[in-house]
Amino acid sequence: MPVPGNYASSTSSTSGSDADDAAYLLFDEKHAIGAYKHKKPRNKCTPRTIALAGLAVFAALFVLAYFGHKHAVRTERWHQAEMLAGGNAALLSNREWQHGLAQCRARAPTASAKVANRINPRDASNGVVTVIRNATVWDGRGSVFPATDVLLKDGLIAEIGANLEISEGAKVVDAHGRVLTPGIVDMHSHAGVDSYPTLAATDDTNELGNPALPHVRSIDAFNPRDKALPLILSGGVTTILVLPGSSNLMGGEAYAFKTPVKPSNNVEDMLLHANITSSNAAQVGGPQWRWAKHACGENPKHYGRDREEMPYTRMGSSFLTRAKYEQAAALRDQQDEWCRIAEMQANDAAKFAKYHSVGSDKSHAIVHPKGRFPDSIELEQVVAILRGQIKVNWHCYQVNDIVAQMRIAREFNFSIAAFHHALDMHAVTPALKQWEAEGREPIGAAIFSDHWGFKAEAYQGSVYAPQILKDAGIQFAFKSDHPVLHSQFLVHESARSIQYGLDEQTVIKALTSIPAKLMGVDHRVGSVAVGMDADVVLWPAHPFAVGAMPDAVFVDGALAYENPVKKLVTGKVQDALDEGLTSPAVVNVPGTDATSAWFKNVGRIVTGDVVVHDQQVVVIKGKIACVAADCSAVAPKGAAVVDVRGGVITPSLVLAGTTLGLVEIVQESGTTDGTAVVGPDTVVYGKDALQAGGKLEAAAHNQGIGLIVSPPQVEPSGTGITFAVSAVAATGHDIPVIVDAEAAVHTWVNTEAKKKGSPAGSIAGQVGALRRALQSADDGPLARVVSGKLPLVIHTDSANHIAAVLGVKRDVDPKHRQQWVIAGGAEAHLAVDLLAASPKTSVLLSPARCIPKAWDARRCLSPPHAFRGAVHAAKVLRDAGVRVALATYPKELSHARNLRFDAGWVRALAGWTEQEMVRAVSTEVLDLLTGREDKPRSVEEALQLGGAARFNVWNGNLGELKTQLVMFVDGVAEKGVLRKPVHVHQ
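Since the model is a prediction, treat every value here as computed from it, not as a measurement.

### Observations concerning the overall build of the chain
Looking only at helices and strands, the chain has 26 helices and 37 strands in total. Counting across all 986 residues of the chain, residues that qualify as buried make up 58%. Partitioning the contacts of the chain with sequence separation of at least 6, the portion at a separation of at least 24 is 74%. As presented, the chain carries roughly 39,300 Å² of accessible surface, and 52% of it is formed by carbon and sulfur atoms.

### Observations regarding the side chain of Gln499
For Gln499, the position within the fold is in the loop between helix 13 (490–495) and helix 14 (504–511). Within the structure, Gln499 has its side chain in polar contact with the side chain of Gln703 (distance 3.4 Å). Within the local environment of Gln499, its side chain forms a polar contact with the side chain of Arg900, the two groups lying 2.8 Å apart. Dropping the residues within four chain positions of it, Gln499 is found in contact with Gln703, Arg900, Phe901, Glu960, Leu961, Lys962, Thr963 and Gln964.

### Focus: the pattern of salt bridges
Once their charged atoms are close, side chains differing in charge can pair, the charge on each being opposite to the other. Scanning all chains against the criterion turns up 47 salt bridges. A salt bridge links Asp556 to Arg122; the shortest N-O distance between them is 2.8 Å. Pair noted here: Asp556 is in the loop between strand 17 (552–555) and strand 18 (558–562) and Arg122 is in the loop between helix 3 (94–105) and strand 2 (130–138), with a separation of 434 residues, a long-range link. Take Asp556 and Arg122: they sit in the same class, and that class is buried. In this structure, Asp333 and Arg332 form a salt bridge, with 3.3 Å as the shortest nitrogen-oxygen distance. By sharing partners, the salt bridges in this structure join Arg118, Arg122, Lys258, Arg524, Asp533, Asp535 and Asp556 into a single network.

### Topic: the pairing of strand 32 (residues 820–824)
With five of five residues buried, strand 32 is to be regarded as a mostly interior element. Bridge count between strand 31 (residues 792–796) and strand 32: five bridges; the pairing is parallel. Following the sheet pairing, Leu792 is matched in strand 32 by Trp820. Crossover connection from strand 31 via helix 20 (residues 799–812) to parallel strand 32: handedness right-handed. Bridge analysis of strand 32 against strand 33 (residues 841–845) gives five bridges, and the strand direction is parallel. Each residue of the ladder has a partner; that of Ile822, found in strand 33, is Val843.

### Details of the confidence of the model for the chain
Mean pLDDT over the chain works out to 88, with 86% of the residues at or above the 70 mark. Here residues 80–85 scores under 50 on pLDDT; set against residues more than four positions off or in separate chains, the count is 14 contacts.

### Notes on the packing of helix 8 (residues 314–347) against helix 10 (residues 399–412)
Between helix 8 and helix 10, the shortest axis-to-axis distance is 11 Å and the interhelical angle comes to 20°. Considering the angle they form, helix 8 stands roughly parallel to helix 10. Handedness of the helix 8/helix 10 crossing: right-handed. Contacts between helix 8 and helix 10 involve Arg314, Ser318, Thr321, Arg322, Tyr325 and Glu326 from the former and Asn400, Asp401, Arg407, Ile408, Glu411 and Phe412 from the latter. Along the lines of polarity and charge, the residues of the contact of helix 8 with helix 10 split into three nonpolar, three polar and six charged.

### Some details on the packing of aromatic side chains
A complete count under the given rule lists 13 aromatic pairs for this structure. For the ring pair Tyr464 and Tyr500, a centre distance of 6.2 Å and an interplane angle of 80° mean the geometry is edge-to-face. Of this pair, Tyr464 sits in the loop between strand 14 (444–447) and helix 12 (465–472) while Tyr500 is found in the loop between helix 13 and helix 14, placing the two residues 36 residues apart along the sequence. With relative accessibility at 23%, the residue Tyr464 sits in the partly exposed group. Grouping aromatic residues by their ring pairs yields a cluster made of Tyr325, Trp394, Phe412, Phe414 and Phe419. Here the basic side chain of Arg307 rests over the ring of Tyr303, its NZ or CZ set 4.1 Å away from the ring centre. Directly above the ring of Trp855 sits Arg858, whose terminal nitrogen or CZ lies 3.7 Å from the centroid.

### Details of helix 20
Its 14 residues give helix 20 an end-to-end C-alpha distance of 20 Å, which sits within 8% of 20 Å, the value for a rise of 1.5 Å per residue. Listing the buried residues of helix 20 in full gives Ala799, His801, Ile802, Val805, Leu806, Gly807, Val808, Lys809 and Val812. In this fold, the buried residues of helix 20 make contact with helix 18 (763–776), strand 31, strand 32, helix 21 (832–836) and strand 33. Taking the backbone nitrogen of Asn800 as reference, a side-chain oxygen 3.1 Å away marks Ser798 as the first, capping residue of helix 20.

### Notes on the state of the cysteines
Using the criterion set out here, one finds four disulfides in the structure. For Cys626, the disulfide goes to Cys631, at an S-S distance of 2.1 Å. The chirality of the disulfide connecting Cys626 with Cys631 is left-handed, given an S-S dihedral of about -80°. Each member of the pair, Cys626 as well as Cys631, carries the same accessibility label: buried. The disulfide that involves Cys850 links it to Cys860, with 2.2 Å between the sulfurs. Residues Cys850 and Cys860 are joined by a disulfide whose S-S torsion is about 85°; by sign, that bridge is right-handed.

### Observations regarding unusual backbone geometry
Glycine aside, the phi torsion of most residues is negative, and most peptide linkages are trans. That bond from Tyr196 to Pro197 is cis: its omega, -15°, falls within 30 degrees of zero. As for its placement among the helices and strands, Pro197 is situated in the loop between strand 7 (184–189) and helix 4 (228–234). Even without being glycine, Ala147 reaches a positive phi, approximately 50°. Assignment of secondary structure puts Ala147 in strand 3 (residues 144–153). For Ala147, a relative accessible area of 47% gives the class partly exposed. Of note, Asn601 is a non-glycine position whose phi angle comes to about 55°, a positive value.

### What about the sheet that holds strand 10 (residues 290–295)?
Ordered in space as 7-8-9-10-12-13-14-15, the eight strands form an open sheet in which the pairing is mixed. The open sheet is flanked by strand 7 and strand 15 (476–478), the only strands paired with a single partner. The mean inter-strand angle of the sheet, taken between neighbouring strand axes irrespective of direction, is 25°. On top of the sheet, helix 14 reaches strand 7 and strand 15; it is set at about 80° to strand 15, its chief contact.

Rules behind the numbers
Residues numbered from 1 in each chain as written. Predicted model: local features only at pLDDT ≥ 70, side-chain atom pairs only at ≥ 80, totals over all residues. Heavy atoms only, no water. Helix = DSSP H or I, 4+ residues; strand = E, 2+ residues; numbered from the N terminus. Buried < 20%, exposed > 50% of the residue type's maximum accessible area, 1.4 Å probe, protein only. Contact = heavy atoms within 4.5 Å. Areas by Shrake-Rupley, 256 points an atom, 1.4 Å probe, with all protein chains shown as cover. Polar contact = N/O pair within 3.5 Å; in protein donor to acceptor, adjacent residues only side chain to side chain. Salt bridge = Lys/Arg side-chain N within 4 Å of Asp/Glu carboxyl O. Pairing = 2+ DSSP bridges. Right-handed = clockwise from strand over helix to strand, strands pointing away. pLDDT = per-residue confidence, 0-100. Axes fitted to C-alpha atoms, helices over the stretch in contact; angles between N-to-C directions. Parallel < 35°, antiparallel > 145°, perpendicular 65-115°, else oblique. Left-handed = near helix turned anticlockwise from the far one by under 90°. Nonpolar A, V, L, I, M, F, W, Y, C, P; charged D, E, K, R; others polar. Phe/Tyr/Trp six-rings, centres within 6.5 Å; stacked < 30°, edge-to-face > 60°. Lys NZ or Arg CZ within 6 Å of the ring centre and 35° of its normal. Expected span 1.5 Å × (residues − 1). Disulfide = S-S within 2.5 Å.

See the structure below:
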């Protein structure tokens, strides 16, 4: 008997009564074929046997006729079903049938279910109850509860209140009033897929096989041995959403992890959804969301342009996104039609019971007129988005991109959980409100607090965006985009929004409850409340004090991290943190067109060499005329009078070692000086390429940076090394103002400086070329380096490379005349003995908050690690007698304005005084990077950098977040000497 073949297809459809009729055509392939046992006939035939034989023949003929007719009817119905279904019918095994029905049942949108007594399937407490006594609880929802106990039990926050009863055997931690917050939730991270140290082999962030790859998954690349994960945990970050990259329009599926690495090294054990089963899901409660990563704007365009294929423009990007959603919508409709028919079949099971198998016997089968359940591994995620089962996280920056993606979402009727990066989100609030008015789920934002300018679509970022979003009622979260921003420092990075007016509780909400809500996991993480997962962070003092790092982090009820440098002890926390976040006095600034000014009621002047209190300062025509307790006899009539109200005056800050003033938008070559490819006889001067008036320089100027020392970018052409000469230039002018045209000679000895096909292709080649260049220098800037008139700045991070270049100094400078500066110096603490033994050798720590991200910096001294009793390289070096200055990360020019906060960070961790902190970002920079004589300077000398009055007026300690720059004085300003910082909406 022929068995109908498999005609499965998912491309055609049948509707109406024909399809309904086809749904009832069933087929049972299990037939019992009678086995005939042949025996030898008897020799004797009797009438009885003849009658029996006739009866048997009749019965056999009847059975054959019956089954033949039944088969004919079935065959006819099969062909009828095949015709009705357009040739798509298929014979489904019970397993295929049940799989299809299960897919039909799973089509419903993700739903929330609240549970009164939920469990934590990740409980790590091992039965130990922990009580945190007398904490100041920030609940992550905007409330503060002083003198509060929090009880952790079975991986959950079990009780919150005053003087909780403690059970026998419970572990008690006395917080002594310290702040307890929820674990930080970072909803945009690439930790585990872009691992430290960053190498080609460890970069699994972007799959570049196609512009739209929704079917790839971050979990399949996640590396639990990423060296960043323990550091991230030490920063209080307990939950991360690990997204694929943004090179693709659809980058793939994201997964949420908790940051403690499990002993199993199994990434599935780190999942937020770990250990949830069908039997306990109801007790866990809440939805179990999935997450998708989309991208728009410049990054997907680069994908196409690098390959000369779509998407080449934003038009192409939108078309390809629509096309993928169109394919998914068609597949969704085919699935719905299949399920409509299958459910009709299943509901009529009583009538056709013998054709439905409920066991595992695959011989019972069902004909479905549409074939097998239509599915596609490449489209499954997009279909799930259309069904409301996945939260879409969309990488977009500027207004037209944000609105364009909302247009696509409307066309295909799906929700957007959050736009990420979204530097223009604050500028489209009317469109977001209209979206909500249409009855759609509100769209949130996952944003940087203070990271911008690195490409055209990020050039217009505003420091006031968080406040504008808050005022408009748009929910936003701060995120790291790790390793773009090192997630360990996410709290500090986000807290800088306080500088621009955001309140503290809004900041902590944006780090905890709001990202949890945007992810759809706020029933488990993001707040200190009864029934939540026991993920909490105990801070040494105020969480937003510059330099604050957690004392302890609890995850799932267990102590996951305890600061080895500062244990959970009673008593006073470090003085640098005790200042908290007090709001300094507001200073009224007069008109800024004055050429003379009289500053009264100065609380203190901190120059780096001295600190003097209760002074007055008079500036006349750009020069310091008086620094004394009373300058009334010197102050000219008509001078602008400024009551500083106890504020602080410091020299202008000096930023060295970056390309600020030479580069504007780093990813747009037309806005930069470029990179010179030079031979051994060419020296490139920074003075020849300075660009004044840029937004990045203005932003730095508005945070007190008055001078920059920026080397031009060069690379070798046939030689082993290149040299560039930096200039000292003033910021805040329309055209370049050069203070010192020849400050220092710069060169690079590091992995990034390697150039294939030249002697610079190896570190050995670079070091050898440096030695030869210095030994043969007979004129020009290098000759002045050899004679000790110009400093030599060597940009290098590795302790090994530092040791190598110091060997060169020993060879070429036996009389110790040359002044050398190691810029970068991430691993300088490991070479501290060599540095201390090398006369006239100093270090410019750049960045001041080192990150073990690159291979050459992988051993940098970063909290919570310690070296020789110190947690910061600045202390190790200073204790050994090595001079130290500070700078920001050379490649992140938008961070230039945060030099003062980095100095405050070092002050807290290295135990510096305010005077040492100020010196490291002002006078010491000029001493080291221009070769000025190392001598104590008077207050007047310190405040006249470059021969003109250049100083800042602050209303408090410049290293603290709430301290504001009241004004800066520039003795060569085009209009007046007084300037008031204006943080414009860039």
